[in-house]
Amino acid sequence: VQLQASGGGLVQPGESLRLSCAASGGSLRTYHVAWFRQAPGKEREFVAAIWRRSGNTYYKDDLKGRFTLSSDNTKNTVYLQMNNLKPEDTAVYSCAADSRLILSSLRSTASYDYWGQGTQVTVSS
């Protein structure tokens, strides 16, 4: 499966963005899909994921309530809605997918075989 991330941009604090992770060459319905981000000088970190077996979504603790993951199977796309953005949300956001990982490894970058290119999100006044 090939992944294409898009939707990043420059926004002011408090504004919103919706990132898209569009897939080709496979159905995302059969993949666990996650978003990760990497800020300058920092390691890549887990943001959110959808566990396909249950449909449950999981978030980095301090992003709960501001970020929401959803999927549109008709468009083979997973979305990350980001509200009330803060300067510390500035990073390159990447989506990833895998069909075989286990739940306990959902937050690990090493668990995902398929990655899209990153999309830059900059939150600045």
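Above this text you will find the structure in question.
Residues numbered from 1 in each chain as written. Predicted model: local features only at pLDDT ≥ 70, side-chain atom pairs only at ≥ 80, totals over all residues. Heavy atoms only, no water.

### Here we look at the sheet that holds strand S3 (residues 17-24)
The strands making up a sheet associate through backbone hydrogen bonding, with each pair oriented either parallel or antiparallel. Taken in spatial order, the four strands of this open sheet run S1-S3-S8-S7, and their pairing is antiparallel. Single-partner strands in this sheet number two, and they are strand S1 (2-6) and strand S7 (67-72). The sheet shows a mean angle of 15 degrees between the axes of neighbouring strands, taken without regard to direction. Bridge count for S1 against S3 is five bridges, and the pairing is antiparallel. Note that in S3 the partner of leucine 3 across the bridge is alanine 23. (Pairing = 2+ DSSP bridges. Helix = DSSP H or I, 4+ residues; strand = E, 2+ residues; numbered from the N terminus. Axes fitted to C-alpha atoms, helices over the stretch in contact; angles between N-to-C directions.)

### Observations concerning the state of the cysteines
The tally for this structure, following the rule as stated, stands at one disulfide. Between the sulfur of cysteine 21 and that of cysteine 95 lies a disulfide, 2.2 Å long from S to S. A torsion of 75 degrees about the S-S bond marks the disulfide between cysteine 21 and cysteine 95 as right-handed. Taken together, the residues span a long stretch of sequence, with cysteine 21 in strand S3 and cysteine 95 in strand S9 (residues 91-98) at a distance of 74 residues. Accessibility classification places cysteine 21 together with cysteine 95 in one group, the buried group. (Disulfide = S-S within 2.5 Å. Buried < 20%, exposed > 50% of the residue type's maximum accessible area, 1.4 Å probe, protein only.)

### Overview of the nonpolar core
Within the largest apolar cluster, 29 residues are counted, with the highest numbers of intra-cluster contacts made by Trp35, Phe67, Leu80, Met82 and Tyr93. Within the second largest apolar cluster, nine residues are counted, among which are Phe36, Phe46, Ala49 and Trp51. (Core = buried A, V, L, I, M, F, W, Y, C linked by side-chain atoms within 4.5 Å.)

### Concerning the environment of arginine 44
In this fold, arginine 44 is placed in the loop between strand S4 (32-38) and strand S5 (45-51). Considered as a pair, arginine 44 and alanine 91 are 47 residues apart in the sequence and their alpha carbons are 9.2 Å apart. Setting aside residues no more than four positions away along its own chain, arginine 44 makes contact with Phe36, Arg37, Gln38, Ser94, Thr109 and Trp115. (Contact = heavy atoms within 4.5 Å.)

### Regarding the side chain of aspartate 89
Mapped onto the elements of the fold, aspartate 89 is located in the loop between strand S8 (77-82) and S9. On the accessibility criterion, aspartate 89 (1% relative accessible area) is buried. At 2.8 Å, the side chain of aspartate 89 and the side chain of arginine 66 are in polar contact. Within the local environment of aspartate 89, its side chain forms a polar contact with the backbone nitrogen of lysine 86, the two atoms lying 2.8 Å apart. (Polar contact = N/O pair within 3.5 Å; in protein donor to acceptor, adjacent residues only side chain to side chain.)

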